[in-house]
Amino acid sequence: MTPDPPTPARGRRRLKNVVITLALGTAMFAAGAVLIQPAAPGTPPSPASAPPGTADPAAALTARLERLPGDWNTWTALGMARIEQARTTADASLYAAAEKALRRSLSLQPVGNSGAETGMAALAAARHDFTAARTWADKAITSDPYNQAAYGVLADAHTQLGHYRDAERAVQKMNDLRPDAASLARASYVFELRGSTGRAAELMRRSLSAATTDSERAFARACLSGLALEDGDARLALSEAEQGLRKTPADPALLDARARALAALGQTKQARADWQRATDIAPLPHLLLALGETYQALGHDEQAEAQYAPLRAQDTLRAAAGDAPDTDAILFEADHGDPAHAVTMAEEALRARPFVAVHDAYAWALHRAGRSEEALAHADQALALGTRNALWHYHRAAIHHALGNHQAAAADLRSALGPAPALNPLHAAQARALLKRIGTHP
């Protein structure tokens, strides 16, 4: 995909300076979280620029609304800020505050309020209700056909629903409107999903060049680090992460990227320190799981359990809220809980979100529950687009091995380990051990 020149905006009022960062796939894209911060005319600066650990970035918006309670643009901006806070802190209770703000905006401006409709789409995506996200994004586009942000969330929703061609069309439209950092990042992910990591990296570098905020630059650097690691270049992955951390030293995604690069280079204790710092900043499930399994790989079971406890608590809250489970919760349950329950969780997730990452999680849960023959079809589906994901290849290797397909298992293990394994230390050790067993198999 080569984005065309932007189409001039026409007609309706446009949202200005929109930043959209989606997390899908191997690095940040899998969770389905969305960051959108429109700075509508007359509203305070975007909260995206506030570094982690500072005061509530929504405080200025709230203060403005105390003076101007009828300012629907600021209600939209407040809703967006709450979505981002929930994404970065793992505090799902903030989604209710986000919804309240966005619905207030819609009540004040029920017609043509494309910004709040886009916010509702982003909120639905953050809650993993991608069908609702698609519906709201379509509404936002109907209200404003030139709303680039809405096309971004529409692309995200189609991706998570397994509608990859529809997602690509939405990404193309987003780039037609304006090939900025957010548009180019999504174009990069189109190629990453299909295994074209070289083209994905090229587009992500263009996204980095187009970035206008520290958060956009941090996002691009973390993605470039992940792409380099999937290509087996751990030193380049480390360099990309460190360049990003020089600008934003407390960014959890960059700390995660550096940890994965350090782990691939065999520097497990340094990786553990980065994952520890990342979880201190944002106790997100994938970070807690990586830290816990690294402690486990080092033989520190008590410290590992200290990371697993909040994961269990988070999933209890998720289940009580009636939300579909995410892949990290499924994989955690499969490896550290009840595999049969993990299968049930995966089936629920797959009904709501038939994305390739969910097929991988379902495959792994089935395998761990002793249902490897059923698991293989889903492992194949996870990799059907050509995505280069070391963990998914390791999972399929273990499934092949359980079914006696030793040659296929060895091929997947070589893909998983590569020149440098894009796996956490526990999985890398398990993959090497399995490859060694296969090598001695008659």
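Residues numbered from 1 in each chain as written. Predicted model: local features only at pLDDT ≥ 70, side-chain atom pairs only at ≥ 80, totals over all residues. Heavy atoms only, no water.

A word on the overall build of the chain
Across its full length, the chain holds 22 helices and two strands. When burial is assessed residue by residue, the chain has 57% of its 442 residues classed as buried. For the chain, the proportion of contacts with a sequence separation of at least 24, taken over those separated by at least 6, is 56%. Accessible area for the chain stands at about 17,500 Å²; split by element, carbon and sulfur atoms hold 52% of it. (Helix = DSSP H or I, 4+ residues; strand = E, 2+ residues; numbered from the N terminus. Buried < 20%, exposed > 50% of the residue type's maximum accessible area, 1.4 Å probe, protein only. Contact = heavy atoms within 4.5 Å. Areas by Shrake-Rupley, 256 points an atom, 1.4 Å probe, with all protein chains shown as cover.)

A word on the packing of helix H21 (residues 406–417) against helix H22 (residues 425–439)
Remark: H21 packs on H22, axes separated minimally by 10 Å, with the N-to-C direction vectors making an angle of 145 degrees. In this structure, H21 meets H22 at a crossing whose hand is left-handed. Between H21 and H22, the contacting residues are His406, Ala409, Ala410, Leu413 and Leu417 on the first element and Ala428, Ala431, Arg432, Leu434, Leu435 and Ile438 on the second. (Axes fitted to C-alpha atoms, helices over the stretch in contact; angles between N-to-C directions. Left-handed = near helix turned anticlockwise from the far one by under 90°.)

Thoughts on the nonpolar core
Membership of the largest hydrophobic core comes to 78 residues, with the highest contact counts inside it found for Trp275, Phe355 and Leu423. When residues of this core are assigned to their parent elements, the largest contribution, nine residues, is made by helix H18 (residues 356–368). Setting aside residues no more than four positions away along its own chain, Trp275 makes contact with Asp256, Ala259, Arg260, Ala263, Leu287, Ala290, Leu291, Thr294, Asn424 and Pro425. By size, the runner-up hydrophobic cluster in this structure holds 42 residues, among which are Tyr151, Met174, Ala187 and Ala200. (Core = buried A, V, L, I, M, F, W, Y, C linked by side-chain atoms within 4.5 Å.)

Regarding the pattern of salt bridges
For the structure shown, the criterion picks out 22 salt bridges. With a shortest N-O distance of 2.4 Å, Arg169 and Asp166 are connected by a salt bridge. Highlighted residues: Arg169 and Asp166, both in helix H7 (residues 164–177), separated by three residues, approximately one helical turn. Note that Arg388 is salt-bridged to Asp231, the shortest N-O span being 2.7 Å. Linking Arg388 in the loop between helix H19 (372–382) and helix H20 (390–402) with Asp231 in the loop between helix H10 (214–230) and helix H11 (234–247), this pair joins segments that are 157 residues apart in sequence. A cluster of three or more residues bridged by salt bridges with shared partners is formed by Glu99, Arg103 and Arg127. (Salt bridge = Lys/Arg side-chain N within 4 Å of Asp/Glu carboxyl O.)

Some details on the packing of aromatic side chains
On inspection of all chains with the given rule, the structure shows two aromatic pairs. Summarising the aromatic geometry, the rings of Tyr308 and Phe332 are spaced 5.3 Å apart at their centres and angled 55 degrees between planes, so their arrangement reads as tilted. Separated by 24 residues along the polypeptide, Tyr308 in helix H15 (residues 301–321) and Phe332 in helix H16 (residues 327–336) bring together distant segments of the chain. An identical accessibility class is assigned to Tyr308 and Phe332; each is buried. On the basis of an interplanar angle of 45 degrees and a centroid distance of 5.8 Å, the ring pair of Trp364 and Tyr394 is categorised as tilted. With Trp364 in helix H18 and Tyr394 in helix H20, this residue pair connects regions lying 30 residues apart in the sequence. (Phe/Tyr/Trp six-rings, centres within 6.5 Å; stacked < 30°, edge-to-face > 60°.)

Description of the packing of helix H8 (residues 181–193) against helix H9 (residues 197–210)
Across the interface, H8 lies against H9 with an axial gap of 8 Å and an inter-helix angle of 170 degrees. As the angle between them shows, H8 and H9 are arranged roughly antiparallel. Only Arg199, Ala200, Leu203, Met204, Arg206, Ser207 and Ala210 of H9 make contact with H8, whose side of the interface consists of Ala181, Leu184, Ala185, Ala187, Ser188, Phe191 and Glu192. Here the contact of H8 with H9 is composed, by residue class, of nine nonpolar, two polar and three charged. (Parallel < 35°, antiparallel > 145°, perpendicular 65-115°, else oblique. Nonpolar A, V, L, I, M, F, W, Y, C, P; charged D, E, K, R; others polar.)

Remarks on the environment of Leu227
Structurally, Leu227 is set in helix H10. Residue classification places Leu227 among the buried residues on the basis of a relative accessible area of 3%. Spatially, the C-alpha atom of Leu227 lies 9.8 Å from that of Ala422, the residues being 195 residues apart in sequence. Setting aside anything within four residues of it in sequence, one finds Leu227 in contact with Ser188, Glu192, Thr197, Ala200, Ala201 and Met204.

With respect to the environment of Tyr95
With respect to the helices and strands, the residue Tyr95 is situated in helix H3 (residues 94–108). Residues contacting Tyr95, with those up to four places away along its chain left out, are Ile83, Ala86, Arg87, Leu123, Ala126 and Arg127.

Points about H3
The terminal C-alpha atoms of H3 lie 21 Å apart, and with 15 residues this matches the ideal 21 Å at 1.5 Å per residue to within 8%. Looking at H3, one finds that the buried residues are Leu94, Tyr95, Ala98, Ala101, Leu102, Ser105 and Leu106. Viewed along the axis of H3, the buried residues span an arc of 140 degrees, placing them on a single side of the element. On its buried side, H3 packs onto helix H2 (72–89), helix H4 (114–126) and helix H5 (130–143). (Expected span 1.5 Å × (residues − 1). Arc of directions from axis to C-beta.)

A word on the side chain of Asp256
Inspection of the secondary structure puts Asp256 in helix H12 (residues 252–264). Buried charged residue Asp256 carries no salt bridge. Nearest counter-charge: Arg260, at 4.3 Å. Within the structure, Asp256 has its side chain in polar contact with the side chain of Trp275 (distance 2.7 Å). Ignoring any residue separated from it by four or fewer positions in sequence, one finds Asp256 in contact with Trp275, His286 and Leu287. (Lys, Arg positive; Asp, Glu negative; His and termini not counted. Polar contact = N/O pair within 3.5 Å; in protein donor to acceptor, adjacent residues only side chain to side chain.)

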